[in-house]
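Chain by chain, the residues run as shown.
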Amino acid sequence: MLLAEMSWEQVKEYLARDDRIIIPLGSTEEHGRHLGLGTDSFEAEAIARGVGEATGVIVAPTLNYGMALAQMAFPGTVSLRPTTLIAVLEDILRSLYRHGFRRMLIVNGHGGNAASLASAVQMVTQDAPGLRVKTFEWWTDSEAYRVVIEMLGEQVGSHASPGETAFMLAICPRAVDLSRLTGRDAPVKPSREMTTIQNFAQKYPDGVMGLDPRGATREVGEALLKKSIEICAREVEVWSN
Ligand code: NI
């Protein structure tokens, strides 16, 4: 069920029997020459809707803007400031809490959102007794990411790389243009230096962090989506004490 397609009365009826909701968190930001700017939003939404269908839990509208200041050198990227994103998330979570939602799963699609998301959850839970929040990110979840590694190899990279390209081939192929790909590798080397607008475009001139995305296939993306939905459905069903 999609919150945006329900009436307030239907939400009231739902809340009389359930207190769970899924919130997709996306971003509008460069994803290499070959992927649409909405990639992270599409991914978070595809997982969230799949979980909603599998469990009957309401899915809130996707937040299509995130914190992407490091990618601002690339045209089309739209970024909230971290403090803005914290404030927006606080307001969304507080609104849902006020109506009676107590268990929330936030499906995050963009790494740059993670710090603001963590801060917002800490702020809201200060004065929201009984509120429980889980988060899921497909690329930091070892079980989900193993699917990609098993099919593409260890150096799958991260942002706009083969794994993410495969995901998009499965969920939104019209936002993928493989003819624009340039065959080159930019392996993600571990570094203590923080990623910023000053160094991101220098290190990743075409916006891809990782290996040549041409290894991506739709099958990998479908397997990744299926596994992500399976993990999140489990998290939505089981809340241990
Ligand atoms: Ni992404």
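Just above sits the structure.
A few points on the structure. What you see is a predicted model; the values in this text were computed from it and never measured. (Residues numbered from 1 in each chain as written. Predicted model: local features only at pLDDT ≥ 70, side-chain atom pairs only at ≥ 80, totals over all residues. Heavy atoms only, no water.)

## Observations concerning the sheet that holds strand β4 (residues 132-136)
Right, on to step 1. The four strands lie next to each other as β2-β1-β3-β4, forming an open sheet whose pairing is parallel. In this open sheet, the two edge strands, each paired with only one partner strand, are β2 (58-59) and β4.
Right, on to step 2. Across the sheet, helix α2 (residues 39-55) touches β1 (20-25), β2, β3 (103-108) and β4, and the angle it forms with β1 is around 160 degrees.
Right, on to step 3. On top of the sheet, helix α8 (residues 218-237) reaches β1, β3 and β4; it is set at about 170 degrees to β4, its chief contact. (Pairing = 2+ DSSP bridges. Helix = DSSP H or I, 4+ residues; strand = E, 2+ residues; numbered from the N terminus. Contact = heavy atoms within 4.5 Å. Axes fitted to C-alpha atoms, helices over the stretch in contact; angles between N-to-C directions.)

## What to know about the coordination of the nickel ion
Right, on to step 1. The protein atoms that coordinate the nickel ion are His-31 (NE2), Asp-40 (OD), Glu-164 (OE) and Glu-164 (OE), at distances spanning 1.8 to 2.8 Å.
Right, on to step 2. Taken together, the four donor atoms surrounding the nickel ion define angles of 51 to 146 degrees at the centre, an arrangement classified as irregular.
Right, on to step 3. Motif for the nickel ion, donor spacing along one chain: H-x8-D-x123-E. Linking His-31 in the loop between β1 and α2 with Glu-164 in helix α6 (residues 162-171), this pair joins segments that are 133 residues apart in sequence. As far as the burial class goes, His-31 and Glu-164 line up, both buried. (Donors = N, O, S within 2.8 Å, 3.2 Å for Na, K, Ca; no water. Tetrahedral: all angles 85-135°; square planar, octahedral: opposite > 155°, others 65-115°. Buried < 20%, exposed > 50% of the residue type's maximum accessible area, 1.4 Å probe, protein only.)

## Some words on the pattern of salt bridges
In a structure, side chains of opposite charge can pair up when their charged atoms sit close to one another.
Right, on to step 1. Applying the stated criterion across every chain, the model contains 13 salt bridges.
Right, on to step 2. Close ionic contact of Asp-18 with Arg-103 constitutes a salt bridge, the shortest N to O distance being 3.8 Å. Pair noted here: Asp-18 is in the loop between α1 (8-15) and β1 and Arg-103 is in strand β3, with a separation of 85 residues, a long-range link.
Right, on to step 3. Notably, a salt bridge pairs Glu-90 with Arg-94, separated by 2.6 Å at the nearest N-O pair. Here Glu-90 and its partner Arg-94 are both found in helix α3 (residues 82-99), four residues apart, which amounts to about one turn of the helix.
Right, on to step 4. Given the relative accessible area of 14%, Glu-90 is considered buried.
Right, on to step 5. Each of Asp-18, Asp-19, Arg-20, Arg-103 and Glu-237 takes part in a single network of salt bridges with overlapping partners. (Salt bridge = Lys/Arg side-chain N within 4 Å of Asp/Glu carboxyl O.)

## Concerning helix α4 (residues 114-125)
Right, on to step 1. Its 12 residues give α4 an end-to-end C-alpha distance of 17 Å, which sits within 8% of 16 Å, the value for a rise of 1.5 Å per residue.
Right, on to step 2. Residues of α4 that are buried in the fold lie against β1, α3, β3 and β4. (Expected span 1.5 Å × (residues − 1).)

## As for empty space enclosed by the protein
Right, on to step 1. On inspection of all chains with the given rule, the structure shows one cavity of 30 Å³ or more.
Right, on to step 2. Approximately 40 Å³ is the volume found for the largest cavity.
Right, on to step 3. Lining of the largest cavity is provided by Arg-33, His-34, Arg-180, Leu-181, Thr-182, Asp-206, Val-208 and Pro-213. (1 Å grid on protein atoms, 1.4 Å probe; cavity = no way out; pocket = protein on both sides within 12 Å on 5 of 7 lines; lining within 4 Å. Points joined across faces, edges and corners; volume = space filled by probe spheres on them.)

## As for the side chain of Thr-62
Right, on to step 1. Mapped onto the elements, Thr-62 comes out in the loop between β2 and α3.
Right, on to step 2. Thr-62 sits in the buried class, given a relative accessible area of 13%.
Right, on to step 3. The contact partners of Thr-62, leaving out residues within four places of it in the chain, are Pro-24, Gly-26, Ser-41 and Glu-45.

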